[in-house]
Amino acid sequence: MVEANRCLNCFDAPCTAACPTHIDVPRFIKKIASGNVAGSARSILEANVLAGSCARVCPVEVLCEGSCVMHHRAEKPIMIGRLQRYAMDNFYERGLQIPVRQRPELPLRVACIGGGPASLACAAELRQAGVQVTVFDKRDLAGGLNTYGVAEYKLRVSESLREVEAIQATGVEILQREVGCEDLAAFEREFDAIFLGVGLGEMHRLRIPGGETGVMDALDLIAGYKTGEILSVGRTVAVIGCGNTAIDAAVASKRLGADEVHIVYRRGPEEMSAFGFEYEHALQEGVKFLWWRQPIALEAGTLICAATSINEAGDLVVGDMRTELAAEVVVPAIGQSPLAEWLSSVKGIQFAKGRVVVDRATGATSHAKYFAGGDCVNGGREVVDAVADGKRAARGITAALGVMEVAHG
Amino acid sequence: MASLKTTFAGIECINPFWLASAPPTNCGEQIMRAFDAGWGGAVWKTIGEPITNVSSRYSSVDWAGQRMMGLNNIELISDRPIEVNLAEIAEVKRRYPKHAVIASLMVESRRDVWHEMVKRAEDAGSDGLELNFGCPHGMSERGMGSAVGQVPEYAQMITEWVKEVACTPVLVKLTPNITDIRVVARAAKLGGADALSAINTINSITGIDLDTFTPRPNVDGKSSHGGYCGPAVKPIALNMVQSVMADPASALPMSAIGGIGTWRDAAEFLLVGAGTVQVCTAVMHYGYRIVEDMIDGLSQWMDEKGFATLDDFRGLSLPRVTEWKHLNLNYKIVAQIDESLCIGCDLCHIACWDGAHQCIHTDRVTGPVDGHVEVHRKPMEAVHATMNSIAVTRIPKMDPPAVSPGLYKAPLARIPRVDETECVGCNLCSLVCPVEDCITMKEVPAGLAPETWEERTAKLGIVEQC
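Rules and cut-offs
- Every chain is numbered on its own, with residues counted from 1 as its sequence reads.
- For naming, the first written chain is A and the first written ligand is 1, with later ones following in the order written.
- Only residues with pLDDT of 70 or above have their local features reported here, since the model is predicted, and side-chain atom pairs are shown and tallied only from 80 upward, although totals for entire chains, interfaces and linings are computed over all residues.
- Hydrogens and water are ignored here; the side-chain numbers use all heavy atoms of the structure.
- The term salt bridge refers to a pairing of a side-chain nitrogen on Lys or Arg with a carboxyl oxygen on Asp or Glu at a separation within 4 Å.
- The secondary structure listing takes helices from DSSP runs of H or I that are at least 4 residues long and strands from runs of E that are at least 2 residues long, numbered from the N terminus.
- The source of the domain bounds is an automatic or database domain assignment.
- The criterion used for residue contact is that any of the two residues' heavy atoms lie within 4.5 Å.
- Buried area is a sum: the accessible area each of two parts loses on coming together, probed at 1.4 Å, counted once for each and added.
- Think of it this way: DSSP has to see at least two bridges between two strands before they count as a pair.
- Any N or O atom pair separated by 3.5 Å or less is treated as a polar contact, with the protein-specific requirement of one donor-capable and one acceptor-capable atom, and with residues adjacent in sequence counted only for side-chain atom pairs.
- Note on aromatic contacts: the rings of Phe and Tyr and the six-membered ring of Trp form a pair at centre separations within 6.5 Å, being stacked when their planes are under 30 degrees apart, edge-to-face when over 60 apart, and tilted otherwise.
- Interaxial angles span 0 to 180 degrees and are taken between N-to-C directions of axes, which are lines fitted to C-alpha atoms, for helices over the stretch in contact.
- When an angle is under 35 degrees it counts as roughly parallel; over 145 it counts as roughly antiparallel; between 65 and 115 it counts as roughly perpendicular; any other value is oblique.
- In this scheme, a crossing is called left-handed if the near helix is turned counterclockwise away from the far one by less than a right angle; it is called right-handed if the turn is clockwise.
- A helix is expected to reach a length of 1.5 Å times the quantity of its residues less one.
- Burial classes follow relative accessibility: with a 1.4 Å probe on protein chains only, a residue under 20% of its type's maximum area counts as buried, one over 50% as exposed, and anything between as partly exposed.
- Note on handedness: a clockwise path from strand one over the helix to strand two, with the strands aimed away from the viewer, defines a right-handed crossover.

### Looking at the pattern of salt bridges
Residue and element names in this part refer to chain A.
Line of reasoning, step 1. Per the stated rule, a full pass over the model turns up 47 salt bridges over all chains.
Line of reasoning, step 2. In this structure, Arg127 and Glu105 form a salt bridge, with 2.8 Å as the shortest nitrogen-oxygen distance. Of the two residues, Arg127 is situated in helix α7 (residues 117-128) and Glu105 in the loop between α6 (80-93) and β1 (109-113); the sequence distance between them amounts to 22 residues.

The structure is reproduced here in structure tokens:
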């Protein structure tokens with residue numbers, strides 16, 4: 001309450017502009033201040049149906065809180081993430097439902113392929129417009145990376161699933177069913193539009209000698225830790241790569257009882273794609289960092305790394321110096337490969353660098369029936385970016401299908 | 001070092017800071033601790049036939065996270081026997097002869113009863129008497145307190161009864177729960193009062209519990225209107241004290257009361273003519289210790305201003321309060337925004353558009369579209385543009401900075417611009433701005449001689465009709 005009162009209630013607020021889903025931040029914060037916590041959560045959900053997850057996993061330092069005007073007067077930014085989490089937890093703990101807008105039921109059917117944030121956001125938005133939506137998800141539980149891929153200490157499985165259930169309660173059908181390339185022709189006949197929110201494919205393999213055994217992909221490790229299927233990971237772990245997933249995997253390894261966890265990165269700290277606060281967090285958890293090293297072989301629990309450097313031409317070169325690192329388990333976290341094979345079966349969809357090419361404002365692909373969003377379009381970004389993509393695509397779809405805009409509220 | 005000594009209606013005071021008649025002056029033990037803390041005087045919790053109080057008694061108004069912006073009470077006068085209070089007055093005066101002890105009195109509206117009470121209070125050694133004609137709750141239902149203070153004839157009559165026997169200065173405490181406080185002030189003066197104190201608390205209901213539908217404070221499912229005080233009432237008190245002190249038929253030495261909690265508040269009341277000030281709510285909130293900075297801060301300010309005594313600045317602001325018709329219509333100020341201080345909250349922009357005169361725009365980047373007919377982007381158009389914009393989470397390695405660092409702290413697009421030709425100089429933007437000194441009001445020469453409404457209408461031969 002004190003924090004909610006501290007918010008200046010900026011007009012056309014920078015925090016709202018910075019949020020990819022444009023949650024009206026001052027509006028929800030002042031509702032908390034007035035004691036209207038349920039209304040606060042509803043106003044958040046209007047903009048972002050996965051706001052509970054986002055409140056936990058968003059890198060608020062570079063989004064809403066990063067743009068808070070308090071920075072300009074040398075004060076701490078408003079704790080927007082914490083306030084949003086408070087409102088959303090209150091909403092779910094009270095068993096409240098996502099309000100369904102008044103609108104006519106439309107004789108339109110849309111398939112959303114993929115059960116992750118982009119697809120769920122697209123489906124929820126379409127449902128609000130009166131469209132009949134079916135989400136097809138190939139895993140056992142819906143929610144995509146929210147359920148399986150975000151570190152457990154940030155977002156528990158149950159917190160992801162309660163959002164999925166709330167979306168289902170608005171009338172979105174979710175089927176745990178894999179969609180094969182061969183199904184698409186039938187889908188094109190059956191549905192008025194198809195949204196692709198399939199994410200990315202497998203993680204890149206570590207192509208080194210000896211890399212066939214003792215290797216566990218970072219997303220499998222995180223998912224196994226979250227779902228309780230993996231209970232220990234060995235005493236020594238080397239995580240390869242230094243993005244946010246690498247950090248999550250390294251911290252998960254620590255929490256699974258590993259004594260020594262190293263993050264091995266072929267460049268220096270200024271080049272890492274992990275956010276600064278994630279890096280700090282890993283340090284606090286006791287994760288060690290080995291910069292300027294590239295794995296070249298794995299031999300019976302020992303990872304052999306070569307020193308790297310940047311030459312005069314600015315290229316990364318591998319030197320002669322070798323370092324040996326004890327690693328019972330090696331965890332590559334060097335990015336996911338696109339689902340190129342699967343996606344290429346959809347004829348008429350344009351790709352670039354393994355990503356589906358879309359019109360950013362509408363999510364429209366080069367095929368009139370297909371729309372897309374999330375990691376398969378942006379190459380792998382935050383949950384909130386996927387939600388924003390899904391939401392824009394839903395509006396793109398309703399516009400393409402000739403649905404009149406329904407006013408909010 | 002400036003002297004805070006003062007003589008109030010004949011009462012010698014080591015400083016002008018008195019405790020008002022209220023819970024902080026309930027008993028001698030409290031008052032002696034207050035004197036040790038630095039208070040110059042105390043008006044005893046009103047003495048009269050002991051009453052029975054209810055529980056609960058207080059309720060408050062919080063504002064934006066601040067506790068007790070205003071306090072309300074339904075407590076009555078002292079619940080202790082008269083003789084106990086008087087014995088303690090004697091004890092306090094024996095131990096603290098240089099401190100002012102004023103007995104606040106309220107008894108049945110009978111001449112003999114008042115005479116008796118006055119004599120006993122003076123025999124106990126009080127330095128003065130304050131007649132409580134202001135208490136707005138409970139006692140008024142029994143024909144006392146504000147029931148007296150709201151009828152000028154009663155107030156004058158009782159003041160006369162008291163003056164018939166009183167040897168010490170008599171202060172009449174005025175109620176604000178009346179259309180024109182000067183009417184009773186004049187009656188008190190006619191009755192022979194030596195001084196006034198104002199204001200007593202204002203009738204109030206602070207709020208209603210939205211679960212039980214019972215107003216606060218809750219007394220077994222019911223409540224009663226109480227007396228409102230604290231920081232919220234200061235502007236009302238300041239106006240009432242000023243109006244009394246500016247009226248020759250009312251003006252007497254004034255012990256000012258109402259939302260005083262700091263030396264700044266005290267200085268303001270002294271500037272409109274008060275002789276001493278009385279404090280209650282701030283002490284109920286923070287304890288007697290607040291007087292230390294009231295003394296220190298007021299002395300420091302007086303030194304800076306070159307005032308050696310309180311008399312040097314007492315009443316200085318009185319001539320600066322005037323009727324509206326005497327204000328200069330040709331005085332013009334406009335708002336100026338210091339771009340280097342602006343944090344880009346745009347509160348001035350929306351306040352000006354929705355609450356004032358539509359002259360603060362967010363067009364520094366797009367440029368003004370000021371022409372024969374002014375065209376400005378309306379506030380909601382900006383919001384719609386934001387809501388339809390595409391934002392992504394920036395990954396430092398992959399994405400360029402969202403906003404290139406500009407000349408100022410805030411992005412130029414968020415620093416509003418004042419259209420000075422349209423600005424009416426209302427002050428609103430400077431009031432809502434959360435950054436000190438970011439928006440200031442600058443005088444612009446109107447090129448016209450000063451002219452008041454009265455002068456203008458006189459010139460035009462217009463006779464005001466009401």
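### Concerning the domain arrangement of chain A
Residues and elements named next belong to chain A.
Line of reasoning, step 1. By the assigned domains, chain A splits into domain 1 (2-93), domain 2 (109-201 + 337-400) and domain 3 (218-332).
Line of reasoning, step 2. On the domain 3 side, the residues contacting the 15 residues of domain 2 number 13 residues.
Line of reasoning, step 3. Around 1,100 Å² of area is buried between domain 2 and domain 3 when both sides are counted, 57% of it from carbon and sulfur atoms.
Line of reasoning, step 4. Counting the surface domain 2 buries against domain 3, the share from its top three residues, Tyr148, Glu152 and Tyr153, is 49%.
Line of reasoning, step 5. Summed over the shared surface of domain 2 and domain 3, the result is 2 salt bridges.

### Brief notes about the pairing of strand β12 (residues 226-229) of chain B
Two faces belong to every sheet, and in a regular strand the side chains alternate between them.
All names here are of chain B.
Line of reasoning, step 1. Both strand β6 (residues 66-73) and β12 contribute to a ladder of 3 bridges, which runs antiparallel. Directly across from Asn72, in β12, lies its bridge partner Tyr228.
Line of reasoning, step 2. Here 3 bridges tie strand β11 (residues 202-204) to β12, and the two strands are oriented antiparallel to one another. For Ile202, the partnering residue across the bridge sits in β12 and is Tyr228.

### Description of the interface of chain A and chain B
Line of reasoning, step 1. With 33 residues of chain A at the interface, the matching set in chain B holds 31 residues.
Line of reasoning, step 2. Counting the surface lost from both chain A and chain B, the interface buries some 2,700 Å², and carbon and sulfur atoms represent 61% of this.
Line of reasoning, step 3. Sorting the residues of chain A by area buried against chain B places A:Phe11, A:His72 and A:Arg381 first, and these three jointly supply 29% of that buried surface.
Line of reasoning, step 4. Between the two partners, chain A and chain B, sit 0 salt bridges.
Line of reasoning, step 5. Between chain A and chain B we count 10 residue pairs in polar contact (both at pLDDT 80 or more) in total.
Line of reasoning, step 6. If you list the elements that add at least two residues to the side of chain A that touches chain B, you get α2 (14-18) and α16 (383-400) of chain A.
Line of reasoning, step 7. Here the side of chain A that touches chain B gets 4 residues from one element, more than from any other, and that element is α2(A).

### Topic: the domain arrangement of chain B
Line of reasoning, step 1. Looking at the assigned domains, one finds that chain B contains domain 1 (6-320) and domain 2 (322-381 + 406-466).
Line of reasoning, step 2. If you average the C-alpha positions of domain 1 of chain B and of domain 2 of chain B, the two centres end up 41 Å apart.

### A word on the packing of aromatic side chains
Residues and elements named next belong to chain A.
Line of reasoning, step 1. Applying the stated rule across the entire model yields 15 aromatic pairs over all chains.
Line of reasoning, step 2. Ring geometry for Phe136 against Phe191: centres 6.1 Å apart, planes inclined by 80 degrees, an arrangement best described as edge-to-face. In this pair, Phe136 sits in strand β2 (residues 132-137) while Phe191 sits in the loop between α10 (184-190) and β4 (193-196), placing the two residues 55 residues apart along the sequence.
Line of reasoning, step 3. One aromatic cluster in this structure is built from Tyr265, Tyr279, Phe289 and Trp291.

### Some words on the sheet that holds strand β8 (residues 293-299) of chain A
Residue and element names in this part refer to chain A.
Line of reasoning, step 1. Reading across the sheet, the 3 strands line up as β8-β9-β10 and stay open at both edges, with antiparallel pairing between neighbours. Edge strands, defined here as strands with exactly one partner in the open sheet, are β8 and β10 (316-326). Each strand axis lies, on average, 25 degrees off the axis of its neighbour in the sheet, ignoring direction.
Line of reasoning, step 2. Note that β8 and strand β9 (residues 302-310) share 6 bridges and pair antiparallel. Each bridged residue has a counterpart across the sheet, and for Pro295 the counterpart in β9 is Cys305.

### Re the packing of helix α6 (residues 181-190) of chain B against helix α7 (residues 234-245) of chain B
All names here are of chain B.
Line of reasoning, step 1. At their nearest, the axes of α6 and α7 sit 9 Å apart, and the two run at 45 degrees to each other. The angle between the axes of α6 and α7 places the two elements in the oblique class. At the point where α6 passes α7, the crossing takes the right-handed sense. Residues Ile181, Arg182 and Ala185 of α6 lie in contact with α7, whose contacting residues are Met240, Ser243 and Val244.

### Focus: the sheet that holds strand β5 (residues 58-63) of chain B
All names here are of chain B.
Line of reasoning, step 1. The antiparallel open sheet is built from 4 strands, whose spatial order is β5-β6-β12-β11. Here the strands that pair on one side only, and so sit at the sheet edges, are β5 and β11. Averaged over all pairs of adjacent strands, the angle between their axes in this sheet comes to 45 degrees, without regard to strand direction.

### Side note on helix α3 (residues 111-124) of chain B
Residue and element names in this part refer to chain B.
Line of reasoning, step 1. Spanning 14 residues, α3 covers 20 Å between terminal C-alpha atoms, matching the ideal 20 Å at 1.5 Å per step.
Line of reasoning, step 2. Turning to α3, its buried residues are Trp114, His115, Met117, Val118, Ala121, Glu122 and Ala124.
Line of reasoning, step 3. Considering only its buried residues, α3 is in contact with α2 (82-95), β7 (100-105), β8 (128-132) and α5 (152-165).

### Here's the deal with the pairing of β1(A)
Residues and elements named next belong to chain A.
Line of reasoning, step 1. Summarising burial for β1: 4 of the 5 residues are buried, a large majority.
Line of reasoning, step 2. Handedness of the crossover joining β1 and β2 through α7: right-handed.
Line of reasoning, step 3. Examined bridge by bridge, β1 and β4 share 4 bridges and lie parallel to one another. Paired with Val110 across the bridge in β4 is Ala193.

### Section: the environment of B:Leu174
Residues and elements named next belong to chain B.
Line of reasoning, step 1. Mapped onto the elements, Leu174 comes out in the loop between β9 (170-173) and α6.
Line of reasoning, step 2. Once the C-alpha coordinates of Leu174 and Cys135 are considered, the two residues, 39 residues apart in sequence, prove to be 9.0 Å apart.
Line of reasoning, step 3. Leaving out residues up to four positions away in the same chain, Leu174 has contacts with Ile181, Val184, Ala185, Leu196, Ser197, Ala198, Ile199, Asn200 and Val244.

### Describing unusual backbone geometry
Residues and elements named next belong to chain B.
Line of reasoning, step 1. The peptide bond linking Ser55 to Ser56 adopts the cis configuration, its omega dihedral lying at 5 degrees.
Line of reasoning, step 2. With respect to the helices and strands, the residue Ser56 is situated in the loop between β4 (41-43) and β5.
Line of reasoning, step 3. Here Ala198 and Ile199 are connected by a cis peptide whose omega angle stands at 10 degrees.
Line of reasoning, step 4. As for its position among the elements, Ile199 is in the loop between β10 (195-198) and β11.
Line of reasoning, step 5. Positioned with a positive phi, Ala9 is a non-glycine residue whose angle comes to about 50 degrees.
Line of reasoning, step 6. Of note, Ala9 is situated in the loop between β1 (6-8) and β2 (11-13).
Line of reasoning, step 7. By relative accessible area, Ala9 is classed as partly exposed at 24%.
Line of reasoning, step 8. Although it is not a glycine, Phe213 adopts a positive phi angle of roughly 65 degrees.
Line of reasoning, step 9. Its location among the elements puts Phe213 in the loop between β11 and β12.
Line of reasoning, step 10. For Phe213, a relative accessible area of 65% translates into the label exposed.

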